[in-house]
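# Per-entry structural report
If you want the building blocks of each chain, they are given just below.
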Amino acid sequence: MRIPIQEVTPGVERAEIVGFVHELRDLGGLSFLLVRDRTGIIQVTVPKKKVPEAVLSAVREVSRESVVRVRGTVKAIEKAPGGRELVPESFEIVSLAESPLPLDVVEKVPADLDTRLDSRFLDARRPRVAAVFQVRNACMQAVYEHLFSSGFIHITTPKVVAAATEGGTELFPIAYFEKEAFLNQSPQLYKQMMMGAGFEKVFEIGPIFRAEEHNTTKHLNEATSIDVEVSYADHHQVMALLEEIVIAAYRRVDSTCRAFLDLLELGDFEVPSSPFPRLPYEEAITIAQKKTDEPISYGDDIGTAAEKAIGEEMGSHYFIVDWPTAIKPYYAMPYDDDPSVCKAFDLMHPRMELSSGSQRVHQHDLLVRQIQSKGLNPESFLFYLTPFRYGMPPHSGWGLGAERLVMTMLGLQNIREAVLFPRDRHRLVP
Ligand code: AMO
């Protein structure tokens, strides 16, 4: 019976492994193969005079990245990976790989990101690439566990919708029988409606679609959003939850992904400490004014250059709070004493924004006015507005980009590195 390669230790006498042929070397009387599964790599040593003829002919025929099944005896040997080697009694080619490979898995030949993404299935065989997705998996596990154990209900909401959520631009129209429909930009309206349904604490982890016109290293056209909504909570309470979730993800990676972090050369990985500073928007603008040449004033969006300057000043995760109502979505709750400022926040990593959220407007008439003030038509939001007329608890929530969380955690240069099959302006395949 096959065992994971990691479990083949010098103490094991005999083993059967299945995996990909990582490397192949023929040294005359001896052949060496490295065989890889998702747990590790083992050297298979073939002394040509001592192994059965069937083994020899299979080894002669095999190519790199073929899938092989090897059964044999385990010997301790210092120089080999993991301090052991496998000497085969049987060697079966389960699936022969064609040559040449479209992409070099052992990374001897560097490939650009586009070539890698074209052959993502091969790219992901690279241990360093697989490590990114193991880390992403650990983050998601931590997030799910944290939310489930805090009493959140996981919901799934439609991705095919009739109206824009976050404003009219960046929308993908689709053909939906005889109607016009769109891919949803955010579960925002649905998670809020579930507050009207009395669920109190909901979350969804799913795709969001944004028709970003330009290719950047931090935008995708299909991203994964971790979305949360909580009744009877204000913006401070959901900021505290967001902080906990981000730290829980880092902690999980720190405690379970050491080998992957080592592969990624992140030996100095650190869990951020809480509380994250709360920086008022107004002060953020002052920092940007001092530290950048680009003109920026109160009421402007915080662009990439400003974001970078403020991030350098802050040095680690921080929140930007108390945003001008005019530049946040209609659903963000204005302060009673100064409605020009709202209870919205962004969670920032020094490199970029990770999440936005707010306490929401839960008063029907105010919400209608806010929708109008953004130049939108309340008629197209009737399905969303109606629940606000029949008892709507005050509520707050946020959306956290999963790819940006992983990208900033691992210091990846391009957000596409944190998605298996990215969708961008030019990429729809694979
Ligand atoms: P927002 O539009 O700020 O807020 O999105 C929330 C978070 O989702 C991630 N994100 C993206 N990641 C990669 N590529 C994109 N094109 C992209 N767009 C968004 C970011 C961002 O911070 N409804 C609100 C959330 C809320 O208030 O609950 C919303 O969608 O990490």
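Below is a summary of the structure that appears in this document. (Residues numbered from 1 in each chain as written. Predicted model: local features only at pLDDT ≥ 70, side-chain atom pairs only at ≥ 80, totals over all residues. Heavy atoms only, no water.)

## Things to note about the overall build of the protein
This is how it is decided: Numbering goes from the N terminus for both helices and strands, where a helix is a DSSP run of H or I of at least four residues and a strand is a run of E of at least two. Think of it in three bands: residues with accessible area under 20% of the maximum for their type are buried, residues over 50% are exposed, and the middle band is partly exposed, with areas taken using a 1.4 Å probe on protein chains only. Per-residue and other accessible areas follow the Shrake-Rupley method at a 1.4 Å probe size, with only the shown protein chains counted as cover for residues. When charges are counted, Lys and Arg contribute as positive and Asp and Glu as negative, whereas His and the chain ends are disregarded. Positions of charges follow a simple convention, taking NZ of Lys, CZ of Arg, CG of Asp or CD of Glu.
Scanning the protein from N- to C-terminus turns up 12 helices and 16 strands. Considering only C-alpha atoms, the protein reaches an extent of 85 × 55 × 40 Å along its principal axes. Across the 430 residues in the protein, those meeting the buried criterion constitute 51%. Approximately 20,700 Å² of the protein is accessible, and the part contributed by carbon and sulfur atoms is 53%. Of the side-chain charges in the protein, 47 are positive and 60 negative, and the distance between the mean point of each set is 7 Å.

## Observations regarding the pairing of strand β8 (residues 172–176)
Here is the rule we go by: Two strands are counted as paired when DSSP detects at least two bridges linking them.
Across 5 bridges, β8 lies against strand β9 (residues 179–183) in antiparallel orientation. When the bridges of β9 are listed, P173 appears paired with F182.

## Quick word on the side chain of N184
The condition that has to hold: For the purposes of these results, a polar contact is taken to be a pair of N or O atoms within 3.5 Å, where, inside protein, one atom must be able to donate a hydrogen and its partner to accept one; residues adjacent in sequence count only when each atom of the pair is a side-chain atom. For this analysis, residues touch if any pair of their heavy atoms sits within 4.5 Å.
Tracing the backbone through its elements, the reader meets N184 in the loop between β9 and α5 (188–196). On the accessibility criterion, N184 (2% relative accessible area) is buried. Reaching out from N184, the side chain makes a polar contact with the backbone oxygen of P158 at a distance of 3.4 Å. In contact with N184, not counting residues within four places along its chain, are P158, K159, V161, T165, Y190, I208 and F209.

## Quick look at the packing of helix α4 (residues 127–149) against helix α12 (residues 402–410)
In plain terms, the rule: To get an axis, a line is fitted to the C-alpha atoms, and for a helix only the part in contact is used. The angle between two axes follows their N-to-C directions and goes from 0 to 180 degrees. In this scheme, roughly parallel covers angles under 35 degrees and roughly antiparallel covers those over 145, while 65 to 115 is roughly perpendicular and the rest are oblique. The sense of a crossing depends on the near helix, which, turned anticlockwise from the far helix by less than a right angle, makes the crossing left-handed and, turned clockwise, makes it right-handed. Under the grouping applied here, Gly and all other residues not named as nonpolar or charged are polar, the nonpolar ones being Ala, Val, Leu, Ile, Met, Phe, Trp, Tyr, Cys and Pro and the charged ones Asp, Glu, Lys and Arg.
Closest axis-to-axis distance for the α4/α12 pair is 10 Å, and the angle between their directions is 120°. Of the possible angle classes, the one that applies to α4 and α12 is oblique. Judged by the twist between their axes, the crossing of α4 over α12 is right-handed. Residue-level inspection shows V132, V135, R136, C139 and M140 of α4 in contact with α12, the latter providing A402, E403, L405, V406, M409 and L410. Looking at the contact of α4 with α12 residue by residue, the class counts come to 9 nonpolar, no polar and 2 charged.

## A short note on the site of the ligand
In plain terms, the rule: Residues are classed as near a molecule or strand on a simple rule: at least one heavy atom within 4 Å of it.
Inspection of the region around the ligand gives 25 residues, with Q188, K191, E353, S356 and R360 positioned closest. A distance of 2.5 Å separates an oxygen atom of the ligand from a polar side-chain atom of S356. Between G399 and the ligand, the recorded distance is 3.3 Å, taken from a backbone N or O atom to an oxygen atom. Contact with the protein chains hides 92% of the accessible area of the ligand, taken as 620 Å² for the molecule alone. For the shell around the ligand, the elements supplying multiple residues, two or more each, are α5, β11 (222–231), β15 (352–359) and β16 (395–401). Looking at the shell around the ligand, its residues break down into 7 nonpolar, 9 polar and 9 charged.

## Quick word on helix α10 (residues 364–373)
Put simply, the rule reads: The reported arc concerns the directions from the helix axis to the C-beta atoms and nothing else.
Buried within α10 are the following residues: L367, V368, Q370 and I371. An end-on view of α10 places all buried positions within 165° of arc, on one side of the element. For α10, the exposed residues set more than 90 degrees away from the buried face come down to D365, R369 and S373. G375 occupies a position one or two residues after α10 and carries a positive phi of about 75°.

## Concerning the pairing of strand β2 (residues 30–37)
Buried residues dominate β2, accounting for 7 of its 8 residues. Looking at chain direction, strand β1 (residues 14–26) and β2 are connected through 6 bridges and run antiparallel. The residue bridging L24 from the neighbouring strand is L33, located in β2. What sits between the antiparallel neighbours β1 and β2 is a turn of 3 residues, in which G28 has the positive phi angle 80°.

## Examining the packing of aromatic side chains
The criterion, for reference: Ring pairs are drawn from Phe, Tyr and Trp, using the six-membered ring of Trp, whenever the two centres fall within 6.5 Å, and their geometry is named by plane angle: stacked under 30 degrees, edge-to-face over 60, tilted for the rest.
The full count for this structure, using the stated rule, is 15 aromatic pairs. Ring centres of Y250 and F269 lie 5.6 Å apart, and the angle between their planes is 20°; on these two criteria the pair is classed as stacked. One end of the pair, Y250, is in helix α6 (residues 235–256); the other, F269, is in the loop between α7 (258–263) and β12 (278–280), and 19 residues separate them in sequence. This pair shows no difference in class: Y250 is buried, exactly as F269 is. Look at Y281 and Y298: their rings are 5.2 Å apart centre to centre, the planes differ by 80°, and that puts the pair in the edge-to-face class. With a gap of 17 residues between them, Y281 in helix α8 (residues 281–291) and Y298 in the loop between α8 and α9 (304–314) connect regions that are remote in the sequence.

## Digging into the pattern of salt bridges
Condition: What counts as a salt bridge is simple: a side-chain nitrogen of Lys or Arg found within 4 Å of a carboxyl oxygen of Asp or Glu.
Counted by the stated rule, this structure contains 30 salt bridges. With a shortest N-O distance of 2.5 Å, R64 and D104 are connected by a salt bridge. Within this pair, whereas R64 is found in the loop between α1 (53–61) and β4 (67–76), its partner D104 is found in the loop between β5 (84–95) and α2 (113–118), the two being separated by 40 residues in sequence. Note on R64: relative accessible area 28%, which makes it partly exposed. Through salt bridges with shared partners, one network takes in R116, R120, D123, R126 and E417.

## So, the sheet that holds β8
Across a sheet, paired strands are connected by hydrogen bonds in the backbone, their directions being either parallel or antiparallel. Taken in spatial order, the 3 strands of this open sheet run β7-β9-β8, and their pairing is antiparallel. Taken across any chain shown, the strands that pair with only one partner, and hence form the sheet edges, are β7 (160–161) and β8.

## Describing the nonpolar core
Using the following cut-off: What makes a nonpolar core is a set of buried Ala, Val, Leu, Ile, Met, Phe, Trp, Tyr and Cys residues whose side-chain atoms join them at distances within 4.5 Å.
Among the nonpolar cores identified, the biggest contains 54 residues, and V253, W398, M409 and L410 are the most heavily contacted of them. Setting aside its immediate chain neighbours within four residues, L410 contacts V132, V135, L261, L264 and L266.

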